[in-house]
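# An overview of the molecular structure
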Amino acid sequence: MASVGYTYEMSLNLLRGRDGLPPREPAELSFQHVNHDDVIAIVERIRGSSGLGPDDSAAVAVGLKLLSEVMVREKTNALFDPLRGAMREFIVQLKNLPAPGA
């Protein structure tokens, strides 16, 4: 069955530990994630309108889209109940930010 949405391969590589040193052994995480939105376009929009730096904008956008997509799929899972209202408010506020150049 084909996925409904965009399929991403997410990769996370540890570059430095708390001590500022590179890991002794590679520390990597990779997984696939299907999202109904174009996450890359959302990162660019947030970079242009949030007032955050480029890396922080990307972290907010990617983290938000990963979490919110799982919450949508898991709508009956009580684990997410404490987040639902605040998440909805945050997303509305984010969508209402002025577009870049506006």
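Described in the following lines is the structure provided in the data block. Every value quoted in this text rests on a predicted model; they were computed, and no experiment measured them.

The number of helices and strands found in the protein is three helices and two strands. Mapped from its N terminus to its C terminus, the protein presents α and β elements in the order β-β-α-α-α. Taken over the C-alpha trace, the protein has a radius of gyration of 16 Å; the compact-globule value for 102 residues is 13 Å, which it surpasses by more than 25%. In terms of overall dimensions, the protein has C-alpha extents of about 45 × 40 × 30 Å along its principal axes. Put simply, the protein has 102 residues, and 20% of those count as buried. Restricting to contacts in the protein with at least 6 residues of sequence separation, those with at least 24 account for 50%. Put simply, the protein shows about 7800 Å² of open surface, and 58% of that area lies on carbon and sulfur atoms. Distance between charge centres in the protein, computed from 11 positive and 13 negative side chains, equals 5 Å.

Take the side chain of arginine 84 next. You can see arginine 84 is positioned in helix α3 (residues 81–95). A distance of 3.2 Å separates a polar atom in the side chain of arginine 84 from a polar atom in the side chain of aspartate 81. Not counting residues up to four positions away in its chain, the partners in contact with arginine 84 are Met71, Glu74, Lys75, Thr76 and Asn77.

Mapped onto the elements, glycine 51 comes out in the loop between α1 (39–49) and α2 (54–73). Separated by 45 residues in sequence, glycine 51 and tyrosine 6 place their C-alpha atoms 27 Å apart.

All right, on to the nonpolar core then. Core analysis: the biggest nonpolar cluster contains twelve residues, these being Tyr8, Met10, Val39, Val43, Ile46, Ala58, Ala61, Leu64, Met71, Phe80, Met87 and Leu94. Secondary-structure elements contributing two or more residues to this core are β1 (6–13), α1, α2 and α3. No other element matches α2, which puts four residues into this core. Non-local contacts of tyrosine 8, meaning those with residues more than four positions away in its chain, are made with Phe31, Gln32, His33, Asn35, Asp37, Asp38, Val39 and Ile40.

Following the sequence through the fold, asparagine 35 ends up in strand β2 (residues 28–35). Engagement of the side chain of asparagine 35 in a polar contact is seen with the side chain of histidine 33, the distance being 3.3 Å. Residue contacts for asparagine 35: discarding those within four places in its chain leaves Gly5, Tyr6, Tyr8, Lys65, Leu66 and Glu69.

The next subject is α1. Listing the buried residues of α1 in full gives Val39, Val43, Ile46 and Ser49. Buried residues of α1 fall within an arc of 145° about the axis and therefore sit on the same side. Elements in contact with the buried residues of α1: β1, β2, α2 and α3. Measuring from the backbone nitrogen of isoleucine 40 back to the side-chain oxygen at the start of α1 gives 3.2 Å, which picks out aspartate 38 as the cap.

About the criteria used
Residues numbered from 1 in each chain as written. Predicted model: local features only at pLDDT ≥ 70, side-chain atom pairs only at ≥ 80, totals over all residues. Heavy atoms only, no water. Helix = DSSP H or I, 4+ residues; strand = E, 2+ residues; numbered from the N terminus. Rg over C-alpha atoms; globule rule 2.2 N^0.38 Å. Buried < 20%, exposed > 50% of the residue type's maximum accessible area, 1.4 Å probe, protein only. Contact = heavy atoms within 4.5 Å. Areas by Shrake-Rupley, 256 points an atom, 1.4 Å probe, with all protein chains shown as cover. Lys, Arg positive; Asp, Glu negative; His and termini not counted. Charge placed at Lys NZ, Arg CZ, Asp CG, Glu CD. Polar contact = N/O pair within 3.5 Å; in protein donor to acceptor, adjacent residues only side chain to side chain. Core = buried A, V, L, I, M, F, W, Y, C linked by side-chain atoms within 4.5 Å. Arc of directions from axis to C-beta.

So, to be careful, I would describe these as geometric facts and stop short of saying anything about function.
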